[in-house]
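# What the coordinates show
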Amino acid sequence: MSLVYVFNNYGGPETEALIDRDAPVPGPDEIGLEVRAAGVNPADWKFREGQLGRGFAVPVPMGQEVSGVVTAVGAAVEGFKVGDEVFGVPAPGRGGFAEHTTMRAIEALAKPAGISFTDAATIPVAATAAYDLTHVVDLDAGSSVLILGAGGGVGYMAAQICAVHQFRTVTVASEAKRELLEATGASFVPSGVGVPDAVRELFPEGVDLVIDLVGGQALRDVAGLAVSPDRVVSAPDPDTAAALGGTGRSTDSESMEKITDVIAYELVDPHVTATFPLDRVREALAAVETGHAAGKIVVIP
Ligand SMILES: NC(=O)c1ccc[n+]([C@@H]2O[C@H](COP(=O)([O-])OP(=O)(O)OC[C@H]3O[C@@H](n4cnc5c(N)ncnc54)[C@H](OP(=O)(O)O)[C@@H]3O)[C@@H](O)[C@H]2O)c1
């Protein structure tokens with residue numbers, strides 16, 4: 001038997017439960033793994049609420065980025081063997097908050113020895129999104145970037161990527177995150193009504209890229225600070241971004257590998273601020289569901 005954290009109905013956190021069932025068996029193009037760590041993301045509760053579709057029959061396993069050790073290899077899989085250390089997104093219908101899961105081999109990467117299982121479990125969703133958002137246009141060193149929601153899982157890694165590229169970055173977050181963000185070399189503006197004026201004071205000519213991790217009105221308030229409408233990219237709210245002339249996040253098959261190298265070189269730190277065991281996933285999810293998490297929260301089975 002094998003523990004897995006699920007939701008039993010599309011809805012609120014009261015539908016979540018830790019259940020025991022047979023370990024999942026990998027399909028022909030999948031690998032099975034013993035989970036070592038799984039990153040927590042806003043997508044976990046959005047999925048539970050049905051905001052991202054209701055395509056899977058309940059109970060639905062939760063957790064969308066994972067690292068672990070290969071325990072079984074599907075018949076059609078090449079390039080992985082039992083005992084390999086890997087990370088990636090669980091196969092459709094599987095979850096990361098579990099003792100065991102499966103991944104499509106084509107979506108798995110070998111974990112570099114220098115990256116811990118805990119940090120590796122932040123790469124498939126959060127770090128890869130940070131990479132994509134910061135590379136949506138080619139910007140030269142010295143370019144200006146605004147990051148809205150900069151102290152969370154994606155935003156803090158995006159701020160560090162901007163520092164690697166020597167961008168002039170202004171980060172917007174709650175006051176509690178000032179020290180963390182200023183340590184990346186970025187300017188800091190506290191979130192709230194004064195954001196547009198404060199950013200205009202720093203960059204009167206506008207910013208070369210607005211990276212949004214909040215959406216809605218907060219995005220509308222800052223979108224006009226971009227040098228042109230198409231220099232706005234949003235991970236959580238592509239519809240509002242598009243309505244303003246910007247775009248949503250897009251990715252390609254190489255992003256995860258590229259950001260993994262950057263993390264392996266210790267140029268970006270995923271900044272895991274808390275870890276929780278499987279029997280406390282509800283708390284881990286609740287912390288992220290507040291919408292005000294700092295860095296990454298990771299589940300360690
Ligand atoms: N489309 C995709 O592929 C994709 C991929 C990854 C993430 N996302 C989405 O992108 C969003 C961010 O993800 P995440 O993992 O970084 O979430 P997170 O860890 O919860 O971080 C969000 C951050 O936004 C800050 N924030 C909230 N309201 C704000 C406001 N009005 N102004 C400025 N900052 C504010 C929060 O803390 P403070 O308020 O304390 O500063 C928090 O640090 C989520 O909605 C997620 O679902 C989408």
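As annotated in an unreviewed UniProt entry, the protein carries the name NADP-dependent oxidoreductase and is attributed to Paeniglutamicibacter gangotriensis.

### A word on the site of the ligand
Taken together, 24 residues sit near the ligand, with K46, S174, K177, R249 and H292 positioned nearest. Contact between the ligand and K46: an oxygen atom at 2.7 Å from a side-chain N or O atom of the residue. Elements represented by at least two residues in the shell around the ligand include exactly α1 (42-49), α4 (153-164) and β10 (168-173). If you tally residues by element for the shell around the ligand, the top one is α4, at three residues.

### A short note on the pattern of salt bridges
With the rule as written, the count across this model stands at 15 salt bridges. The partner of R36 in a salt bridge is E34, and the shortest N-O contact between them spans 3.4 Å. Residue R36 is classed as partly exposed on the basis of its relative accessible area, which comes to 34%. Judged by its relative accessible area of 32%, E34 is partly exposed. As a salt-bridge pair, K258 and E254 come within 3.5 Å of each other at their nearest N and O atoms. Exposure remark for K258: the relative accessible area of 35% places this residue in the partly exposed category. Judged by relative accessible area, E254 falls into the partly exposed class, the value being 45%. A network of salt bridges, in which partner residues are shared, links E16, R48, E49 and E289.

### Remarks on unusual backbone geometry
P59 follows V58 through a cis peptide bond whose omega is 0°. In this structure, P59 sits in the loop between α1 and β4 (60-61). A positive phi angle, close to 60°, is found at Q166, a residue other than glycine. With respect to the helices, strands and loops of the structure, Q166 is situated in the loop between α4 and β10. Judged by its relative accessible area of 56%, Q166 falls in the exposed class. Phi angles above zero are rare outside glycine, and H271 is one such case at about 55°. Relative to the helices and strands, H271 resides in the loop between α9 (255-264) and β15 (272-276). Taking the relative accessible area as the measure of exposure, H271 reaches 21% and is therefore partly exposed.

Criteria and cut-off values
Residues numbered from 1 in each chain as written. Predicted model: local features only at pLDDT ≥ 70, side-chain atom pairs only at ≥ 80, totals over all residues. Heavy atoms only, no water. Near = heavy atom within 4 Å. Polar contact = N/O pair within 3.5 Å; in protein donor to acceptor, adjacent residues only side chain to side chain. Helix = DSSP H or I, 4+ residues; strand = E, 2+ residues; numbered from the N terminus. Salt bridge = Lys/Arg side-chain N within 4 Å of Asp/Glu carboxyl O. Buried < 20%, exposed > 50% of the residue type's maximum accessible area, 1.4 Å probe, protein only.

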